[in-house]
Amino acid sequence: MERDSASRRLFLKSSAAFGTAASYSRILGANDRLRLGFVGVGGRGTGVANTVVNLVAAGENVEITSVCDIYQPRLERAETRFKAKGYARSADMLSSTSLDAVVIATPDRHHVANTLEAIRAGKDVYVEKPICHWAQFDQLKQLVHENRKIGRIVQVGTQFVADSVWEKAAEAIKEGAIGRPVHAQTCYFRRGDQGERGMKVDDPNAKDGLGVDWETFQADAPRRPFDVSRLFQWRMYMDYSGGPVTDTYPHMLTPLLKMLNPGFPKKVVALGGRYYYNHEREVPDTFDLLIQYPNNLTVVFLGTFINATRIDTLIRGSEATLTRKAEAVTIEPARGSAVVAREIPADIHSFGEGHAQQLVAHLKDFFDCVRTRKQPRGNLELAYLVQTPLIMAMQAHLHEKVVRFDIAREEMRMV
Ligand SMILES: NC(=O)c1ccc[n+]([C@@H]2O[C@H](COP(=O)([O-])OP(=O)(O)OC[C@H]3O[C@@H](n4cnc5c(N)ncnc54)[C@H](O)[C@@H]3O)[C@@H](O)[C@H]2O)c1
């Protein structure tokens, strides 16, 4: 429904072509150094690599062996900064046997193809959120089903979920600490379009072919003539991004769904648009959605990039209310209820300094899972359950329809 079949065929073909690297993986012994490659070394890739460098200095047994980018100046910068071997094509990097895992920090539209290519080459993956672009539900489904067979470790970069408080709260909910969850809310409020129009243009005179691989950059998006803004400020465009709902909402929906464990949604309604930042940006700046789950649970997600005043993340149960505070999750019984009040302390403060600590914890969780083969906190199956209602919301907004989900067939339907 979300893409025409020609572009879907193009994706499947190109993802198969991507997957030409020979499969090589090794079982890491306790003392073996984990060898890491980076695909995409722009803003986020560089930030994550810097964090890895700090972790190595603190004793983590990891090394960055290779880096890849389709923009040559960034590739050269990363080669020098991280003393790593550079590649212009990820398939060439993956053919190297000096790699155990990859960090993928390319634009959204590449995440599924980059991940498929890496798992087919026998690598474990830390892939940035969102797990896919809003027009790629079928490709996401294909990735999830394929990895069920291949069994690689895939951690999605929703680092807010790195705190153990969410698992503890999920356990408490399962044991009946709030009665039956019926209603939940969360949000993502921010002020400013620095993440879209504010993206840095490294070179206003950049040209396709001169250190820029524009064809690869476009992935399975509709073909456009080369454009400097599309290359450097891609988050402004619907071809490559989707605005708050698919870009930032995975951060908050992932921990909420980890606590609730509701499975696939039944129905999604949504409203959004460009309410304020109307200049060249295409993606919405404001977006609200309601998700209904089959077990009579509604999740409300509110957000705008125009004003940063938040609402609490909370779950209303038949017996109590669970609230995410900065340093704990609290459970407050309803008047007359027999359940007990309690507080579950968080590992990490949820604001300010906490953001850097969340990334450290999320990377460490990934490294640990690569060694132990346990499922990471932001695993692919959870990301599938998170991104599905967010993609449904985008479709609901674009088509002004209610979007239903056929759980047995894992398909979206507009009504
Ligand atoms: N977890 C977080 O908090 C967080 C924060 C920021 C960004 N992100 C995510 O990280 C991703 C990257 O965002 P960014 O701000 O760094 O963008 P960016 O444009 O700064 O970096 C992306 C890089 O990928 C390169 N690239 C594009 N296609 C490629 C390909 N096929 N192979 C190799 N390199 C390729 C580009 O040339 C660019 O250098 C996005 O998906 C974004 O949502 C996550």
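Residues numbered from 1 in each chain as written. Predicted model: local features only at pLDDT ≥ 70, side-chain atom pairs only at ≥ 80, totals over all residues. Heavy atoms only, no water.

### Looking at the sheet that holds strand β14 (residues 342-345)
Next, step 1: Read from one edge to the other, the open sheet built from 10 strands follows the order β14-β13-β12-β11-β7-β10-β9-β8-β15-β16, with strand pairing classed as mixed. Two strands in the sheet have a free side with no partner beyond their single neighbour: β14 and β16 (411-414). Taken over all neighbouring pairs, the strand axes of this sheet differ in orientation by 15° on average, direction set aside.
Next, step 2: Bridge count for strand β12 (residues 320-324) against strand β13 (residues 328-333) is five bridges, and the pairing is antiparallel. Across the sheet, L322 pairs through a bridge with I331, a residue of β13.
Next, step 3: The strands touched by helix α11 (residues 249-260) are β7 (181-189), β9 (286-293), β10 (297-304), β11 (313-317) and β12; relative to β10, the strand with the most contacts, the crossing angle is about 160°. (Pairing = 2+ DSSP bridges. Helix = DSSP H or I, 4+ residues; strand = E, 2+ residues; numbered from the N terminus. Axes fitted to C-alpha atoms, helices over the stretch in contact; angles between N-to-C directions. Contact = heavy atoms within 4.5 Å.)

### Concerning unusual backbone geometry
Next, step 1: A cis geometry characterises the amide bond from K129 onward to P130, with omega recorded as -10°.
Next, step 2: Among the secondary structure elements, P130 is positioned in the loop between β5 (124-127) and α6 (137-150).
Next, step 3: With a phi close to 50°, K83 is a non-glycine residue in the positive phi region.
Next, step 4: Within the secondary structure, K83 sits in the loop between α3 (72-82) and β3 (85-87).
Next, step 5: Notably, N261 is not glycine yet its phi reads approximately 50°, a positive angle.
Next, step 6: Residue position: N261 is located in the loop between α11 and β8 (267-273).

### Observations concerning the site of the ligand
Next, step 1: The environment of the ligand is formed by 28 residues, the closest being R44, D69, R74, D108 and W234.
Next, step 2: Here a nitrogen atom of the ligand and a backbone polar atom of I70 are 3.5 Å apart.
Next, step 3: Within the contact set of the ligand, an oxygen atom lies 3.1 Å away from a side-chain nitrogen or oxygen of R235.
Next, step 4: Protein burial of the ligand: of its 850 Å² of free accessible surface, 91% is covered by the chains. (Near = heavy atom within 4 Å. Polar contact = N/O pair within 3.5 Å; in protein donor to acceptor, adjacent residues only side chain to side chain. Areas by Shrake-Rupley, 256 points an atom, 1.4 Å probe, with all protein chains shown as cover.)

### Concerning the pairing of β10
Next, step 1: By the criterion of burial, β10 is predominantly enclosed, with six of the eight residues buried.
Next, step 2: Bridge count between β9 and β10: six bridges; the pairing is antiparallel. In the sheet register, L289 faces β10, and the bridge partner there is F301.
Next, step 3: Two successive antiparallel strands, β9 and β10, enclose a turn made up of three residues, where N296 displays a positive phi of approximately 55°. (Buried < 20%, exposed > 50% of the residue type's maximum accessible area, 1.4 Å probe, protein only.)

### Section: the sheet that holds β5
Next, step 1: Across the sheet, six strands lie side by side as β3-β2-β1-β4-β5-β6; this open sheet has parallel pairing. For this open sheet the edge positions go to β3 and β6 (154-156), each flanked by a neighbour on one side alone. The average undirected angle you get between the axes of adjacent strands in this sheet is 20°.
Next, step 2: Strand contacts of helix α12 (residues 354-372): β1 (34-39), β2 (62-68), β4 (101-104), β5 and β6, with the helix running at about 165° to β5, the strand carrying the most contacts.

### What about the nonpolar core?
Next, step 1: L253, L289, I315 and L322 are the most contacted members of the largest nonpolar core, which totals 80 residues.
Next, step 2: In terms of residue count, the dominant contributor to this core is helix α13 (residues 380-399) (12 residues).
Next, step 3: When residues of this core are assigned to domains, at least three map to each of domain 1 (5-152) and domain 2 (163-195 + 242-348 + 379-414).
Next, step 4: Excluding residues within four positions of it along the chain, I315 makes contact with I173, I178, P181, H183, A184, L256, M259, L260, A320, T321 and L322. (Core = buried A, V, L, I, M, F, W, Y, C linked by side-chain atoms within 4.5 Å. Domains from an automatic or database assignment.)

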